[in-house]
Amino acid sequence: MMTIEEDLELALRAEAGRVDPPVADLVSGGVERGRELRRRQRARLAVGASAVVVAGTVGALVAVPFVGGDDPVTAGSDDPVTAEAPVADDDVSGVAAPGQGELDPDAVLDAVVALLPPGEITDAESGTPEPGSAWYQFSYDDGDGASWMMGSAAVVANPETPVCPVIVNGGSCEVRTLDDGTVLMLTAGPYYPQPDREPDRLHWSAHAVAPGGLMVALGEMNTPTEKESEPTRDEPPLSLNQLAAVVTDDVWAELTAGLPAESAEQRAAEDAAEEAAAAALAGVEASAAAHALAESLGPDWVPTPDGFAEPGPSVLEGLPSGYTAGPAIVDDLSFGLGLAELCVAGEEKGAVNEGCVAGTAPGGEPVHVQWGGTVPDGPYAQGSIEDRVGVIVADDAGMLLRASIWVAEPAEASTPQRRAEARAWLQERVDDLARAVTAAAAGERR
Amino acid sequence: MAGDAEGFMDFASACGGRLFRTAWLLTGDWHLAEDLVQETLGKVYRAWTKRSRPDDPAAYARTTLVRTFITHRRRRGSGERPTDSVPELPGREPDVALRVTLLDALAQLDAKDRAVLVLRYWEDRTVEETAAALGLSAGAVRSRCFRALHRLRAVLGTDADDPTRSGVA
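Treat the numbers as computed from the prediction; the structure is a model and nothing was measured.

A. Spatial organisation of the state of the cysteines. All names here are of chain A. Applying the stated criterion across every chain yields a total of two disulfides over all chains. One disulfide bridge connects Cys164 with Cys173, the sulfur atoms lying 1.9 Å from each other. Because the torsion about its S-S bond is -85°, the bridge between Cys164 and Cys173 counts as left-handed. Judged by relative accessible area, Cys164 falls into the partly exposed class, the value being 28%. By relative accessible area, Cys173 is classed as partly exposed at 24%. Disulfide pairing is shown between Cys343 and Cys356; the S-S distance is 1.9 Å. Judged by the sign of its S-S torsion, about -90°, the cystine formed by Cys343 and Cys356 is left-handed. With Cys343 in the loop between helix 9 (339-342) and strand 12 (346-348) and Cys356 in the loop between strand 13 (351-353) and strand 14 (357-360), this residue pair connects regions lying 13 residues apart in the sequence. Cys343 gets classed as buried once you look at its relative accessible area, which sits at 14%.

B. Representation of the nonpolar core within the structure. In this structure, Phe8, Phe11, Leu117 and Leu152 of chain B are the most contacted members of the largest nonpolar core, which totals 57 residues. With 10 residues, the top contributor of residues to this core is helix 1 (residues 3-27) of chain B. Composition of this core by domain shows at least three residues from each of domain 1 (1-80) and domain 2 (94-169) of chain B. The next biggest cluster of nonpolar side chains, apart from the first, holds 33 residues, and it includes Val108, Leu109, Phe138 and Leu214 of chain A.

C. Here's a closer look at the environment of Ala140 of chain B. Following the sequence through the fold, Ala140 of chain B ends up in helix 7 (residues 138-156). Put simply, Ala140 of chain B and Val127 of chain B are 13 residues apart on the chain and 9.5 Å apart in space, counted from C-alpha to C-alpha. Sequence-distant contacts of Ala140 of chain B, defined by excluding residues within four places in its chain, comprise Glu341 and Val344 of chain A.

D. Spotlight on the sheet that holds strand 2 (residues 133-141) of chain A. Residue and element names in this part refer to chain A. Reading across from one edge, 1-2-3-7-6-5-4 is the order of the seven strands in this open sheet, with antiparallel pairing throughout. If you trace the sheet from one side to the other, it starts and ends with strand 1 (120-127) and strand 4 (172-177), each paired once. Shown here is a sheet whose adjacent strand axes are inclined to one another by a mean of 10°, direction ignored. The sheet contact formed by strand 4 and strand 5 (residues 183-190) spans six bridges and is antiparallel. In the strand pairing of strand 5, Cys173 is matched with Thr187. Packing against the sheet, helix 4 (residues 105-115) makes contact with strand 1, strand 2, strand 3 (146-155) and strand 7 (214-221), and its axis sits at approximately 40° to strand 2. The strands that helix 5 (residues 240-247) touches are strand 4, strand 5, strand 6 (202-209) and strand 7; relative to strand 6, the one it contacts most, it runs at about 35°.

E. Molecular detail of the packing of helix 1 (residues 4-18) of chain A against helix 4 (residues 96-107) of chain B. Axis separation between helix 1 of chain A and helix 4 of chain B bottoms out at 9 Å; the angle between their running directions is 95°. Considering their axes alone, helix 1 of chain A and helix 4 of chain B lie roughly perpendicular with respect to each other. Every residue of helix 4 of chain B that contacts helix 1 of chain A at Ile4, Asp7, Leu8, Ala11, Leu12, Ala14, Glu15 and Arg18 of chain A is listed here: Leu98, Arg99, Leu102, Leu103 and Leu106 of chain B. When its residues are assigned to classes, the contact of helix 1 of chain A with helix 4 of chain B shows nine nonpolar, no polar and four charged.

F. Quick look at the side chain of Arg35 of chain A. Of note, Arg35 of chain A is situated in helix 2 (residues 23-55). Within the local environment of Arg35 of chain A, its side chain forms a polar contact with the side chain of Tyr45 of chain B, the two groups lying 3.3 Å apart.

G. Molecular detail of unusual backbone geometry. Residues and elements named next belong to chain A. For Glu228, which is not a glycine, the phi torsion comes out positive at approximately 55°. Among the structural elements, Glu228 can be located in the loop between strand 7 and helix 5. Not every positive phi belongs to a glycine, and Asp300 is a case in point at roughly 65°. Tracing the sequence through the fold places Asp300 in the loop between helix 7 (264-297) and strand 8 (301-303). Judged by its relative accessible area of 28%, Asp300 falls in the partly exposed class.

H. Seen up close, the packing of aromatic side chains. All names here are of chain B. Inspection of every chain in the model, using the stated rule, returns five aromatic pairs over all chains. Summarising the aromatic geometry, the rings of Phe8 and Tyr45 are spaced 5.1 Å apart at their centres and angled 85° between planes, so their arrangement reads as edge-to-face. Of this pair, Phe8 sits in helix 1 while Tyr45 sits in helix 2 (residues 30-47), and the two are 37 residues apart along the sequence. Comparing Phe8 with Tyr45, the two get one shared label, buried. Between Trp24 and Trp30, the aromatic rings sit 5.9 Å apart at their centres with planes inclined by 65°, giving edge-to-face as the arrangement.

Quick notes on the rules
Residues numbered from 1 in each chain as written. Chains lettered and ligands numbered in written order. Predicted model: local features only at pLDDT ≥ 70, side-chain atom pairs only at ≥ 80, totals over all residues. Heavy atoms only, no water. Disulfide = S-S within 2.5 Å. Buried < 20%, exposed > 50% of the residue type's maximum accessible area, 1.4 Å probe, protein only. Helix = DSSP H or I, 4+ residues; strand = E, 2+ residues; numbered from the N terminus. Core = buried A, V, L, I, M, F, W, Y, C linked by side-chain atoms within 4.5 Å. Domains from an automatic or database assignment. Contact = heavy atoms within 4.5 Å. Pairing = 2+ DSSP bridges. Axes fitted to C-alpha atoms, helices over the stretch in contact; angles between N-to-C directions. Parallel < 35°, antiparallel > 145°, perpendicular 65-115°, else oblique. Nonpolar A, V, L, I, M, F, W, Y, C, P; charged D, E, K, R; others polar. Polar contact = N/O pair within 3.5 Å; in protein donor to acceptor, adjacent residues only side chain to side chain. Phe/Tyr/Trp six-rings, centres within 6.5 Å; stacked < 30°, edge-to-face > 60°.

Put into structure tokens, the structure is as follows:
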């Protein structure tokens, strides 16, 4: 008979094995969000730069010229795209203001709808992940059943020629080259690649890649949404020839005229600028955090480049020679963790966590002190013997911060006497840690 | 695209599927799982620069995923229930009913308890690793795991007090 743990493990494996992760969507969505996060980071850098310079720590590192470096490349002022259809500024950072040289997603959406036979359009959405590209999706009903449609238009410097994927689900794919050099790929078949998964959910598509770098795609389904819906008709509404006519229409060249193709070099330069700005920001933040931490710990604590503070020579007095002391670290443990959970006493694989003891910081604030260390003589006490102490601040709003430090020495050198001296040294650090963690908490509340 | 963006693409393509499976087990909701993985990969992308990148990006991504899940559940409230399902594929496993029952019971657990079980029994992480990922003490992980398994047993109607079935460590 199997245990509940074995049952659970099998059930989780079986369930995980049933899903077919949409990896391409996950990767492209991840990149898009990552870029957005970096843009916001740079916006913060722009706001914070003057304060950092005043603090006088590493003001020279602040890469102000990079701020706003992802503004779209400016096209000619007679750009026909943006002259008629200004793009709404939905960028929360306010840094990447759309402007000239950006493909208008609404205009792209309007263009594709105008090329379809008459029908009802609902749930339309569109957007621009990059200045030179736009995507759209909507539900289209020509009167014989709603169809999910999705597609994109983009101008790229070095377009890849479409190549048919390996067909495993009974679908079809064809690539043709048109007279003007445009390469057209047409696919038709079930939406899911697995032959036994919703074989009636169909997805037909057309991709056109012009020699100049214009890429247009349109896909259609026989279902009203991309996933989790029933087919409304046997086949999608447009024939493959109709799809091909849409993606090769002249309107796309008109819409994208004057748009600069985003080149690999330009992208690399933008990435480098983003990375330099992010690295500068990370350096500024770590350095500022380390200085603040060292200052709040007390005299002779030395800031480290990675945001911590090490005990200096006078602080290290009293620690038995041969011992190593780690840097003091402030951890933010606020993500849903309660003080009671953090303070649970227990032993796990040779390390003991003691329960918390209530105390008072030098400034009078209530704190909780928690000790921990290696169990001596156990199977895990082979490499080194470690002791650590943490000072915790918790409040009713869910904030939970801990300042901690550890000391360790090789197991073969450890004696009860040496360990007691090391713990006594840690005890002397509790007030420093309490000052640091209450200062960090005050900073969080501001 | 810059060299390290390419490195990121390789990483994300290699890890995305597994992250999604974990997200699916945590949420039971296709769109939430997609959202969770994209948010996670976005955070990894932000940390992925020429000068520094996470020492172990896969571990960083897994931890980010579960933390994002926990904070997401806090924001959205815990009253939600999974809405999506993947169609049943009959004949591939011996006990479909047991799996469905167990996953249903899993979905009724508190988000953190669910995360503990998914990390321990799907990702096969140790108590210590689970504790580190969730910001819990090892003791809290053990007690949550014990309690959560107890509830699953109750749902299955097996002997909840059988001490031989409580091995958690």
